[in-house]
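One letter stands for each residue in the lines below.
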Amino acid sequence: MARIARITILAIISLLIMAPAAFAETLDTDQRNLFNMINAKRQEKNIKALKWGFRIERAAERHSEDMAAKAYMAHRSPSGATLTKRLKHSGISRWTRAAENITTSGTERAAYNKWLGSGTTRAKMLDPKYTHVGIGIAEGGAKGNIYTMNLLRNPKLKKSIPAAAKSVLDLVNAERSKVGAPPLKWGYTLAKAGRLHSKDMLANEYFSHTSHDGRGVTARLADVGISSWWSVGENIAGTSSGARAFELWMDSDGHRRNMLNPDYTHTGIGIASEGSFSMFTMDLVEYRAR
């Protein structure tokens, strides 16, 4: 990343298709498979189905990623972070009960079977007191992927966006108001797609709208469950701060048109950092009934 870190980089892409369907946060395939297996077992036992929590998923995802990066398997991270801290960091302010299951396995089915086969983890998974669940999956475990399941009862969410991303969103919406464009709404799943692309560019030392495995923005959005929209755009930048990324985008005719396009209705900004250098991916979509 040293070569990339010495320069400021940015690019833009805008695609358009027609597809009348709802814009919503959805699960990727592995998460949905696990979620369905858990709820099928709860239904078999006459236990109320769990609801999915996207903030809970984020807390679980962070822990799986941390365990993969630092090669450990524990509920407390080497830095001392606990489930409580991860949940609060993900924007969940209160809950009445919380638990966590972790495992490493090659497939989601194998992970489910491990949890089901252990008395302790099975009891958590089938406890009728829990109302919500989120599952985070990371590659890189010694025995396969690392899975974290967080279960909560009655979570209360803080309406918050990560501070670095929120600062860019505020700058963009301020400029949109000057040209009469409506403010962009935040999409947590759009931000997830952007964050994954930023992380991939940083980890694999490239800068492109095409991932190192050949996927474009539409495929990356589909991977997180966003497959129907009227138009989609993407800005990427590698620089020192969100304010600097915004300035660079504003100084480029194409980037500025993309950010101020009145047709776009939602955005998510994903950031990955290494030292003082950060990758920014802003995904924008137009969703409206026609």
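Please refer to the structure placed before this passage.
What counts, and where the lines are drawn
- Residues numbered from 1 in each chain as written.
- Predicted model: local features only at pLDDT ≥ 70, side-chain atom pairs only at ≥ 80, totals over all residues.
- Heavy atoms only, no water.
- Buried < 20%, exposed > 50% of the residue type's maximum accessible area, 1.4 Å probe, protein only.
- Helix = DSSP H or I, 4+ residues; strand = E, 2+ residues; numbered from the N terminus.
- Pairing = 2+ DSSP bridges.
- Axes fitted to C-alpha atoms, helices over the stretch in contact; angles between N-to-C directions.
- Left-handed = near helix turned anticlockwise from the far one by under 90°.
- Contact = heavy atoms within 4.5 Å.
- Nonpolar A, V, L, I, M, F, W, Y, C, P; charged D, E, K, R; others polar.
- Parallel < 35°, antiparallel > 145°, perpendicular 65-115°, else oblique.
- Polar contact = N/O pair within 3.5 Å; in protein donor to acceptor, adjacent residues only side chain to side chain.

Turning our attention to the pairing of strand 4 (residues 97-105). Of all nine residues in strand 4, seven are buried; the element is thus mostly enclosed. Both strand 4 and strand 6 (residues 144-153) contribute to a ladder of nine bridges, which runs antiparallel. Residue pairing in the sheet places R97 in a bridge with R153 of strand 6.

Turning our eyes to something else, we now look at the packing of helix 7 (residues 163-178) against helix 10 (residues 242-250). Close contact between helix 7 and helix 10 brings their axes to 9 Å; oriented N to C, the two are set at 30°. In the crossing of helix 7 with helix 10, the sense of the turn from one axis to the other is right-handed. In this structure, helix 7 uses V168, L171, V172 and E175 to contact helix 10, whose residues at the interface are G242, A243, F246, W249 and M250. Among the residues making up the contact of helix 7 with helix 10, the classes are represented as seven nonpolar, one polar and one charged.

This part is about the packing of helix 10 against helix 11 (residues 253-260). For the pair helix 10 and helix 11, interaxial distance at closest approach is 6 Å and the crossing angle is 105°. Comparing their axes, helix 11 and helix 10 come out roughly perpendicular. The segment helix 10 lies against helix 11, with F246, W249 and M250 engaging H255, R256 and M259. Class assignment of the residues belonging to the contact of helix 10 with helix 11 gives a composition of four nonpolar, one polar and one charged.

With respect to the helices, strands and loops of the structure, R220 is situated in helix 9 (residues 217-223). Since its relative accessible area comes to 5%, R220 is described here as buried. A polar contact is formed between the side chain of R220 and the side chain of H197, at a distance of 3.5 Å. Polar contacts involving the side chain of R220 include one to the side chain of S211, which spans 3.0 Å. Ignoring sequence-local partners within four residues, the contact set of R220 consists of A193, H197, H209, T210, S211, R215 and E234.

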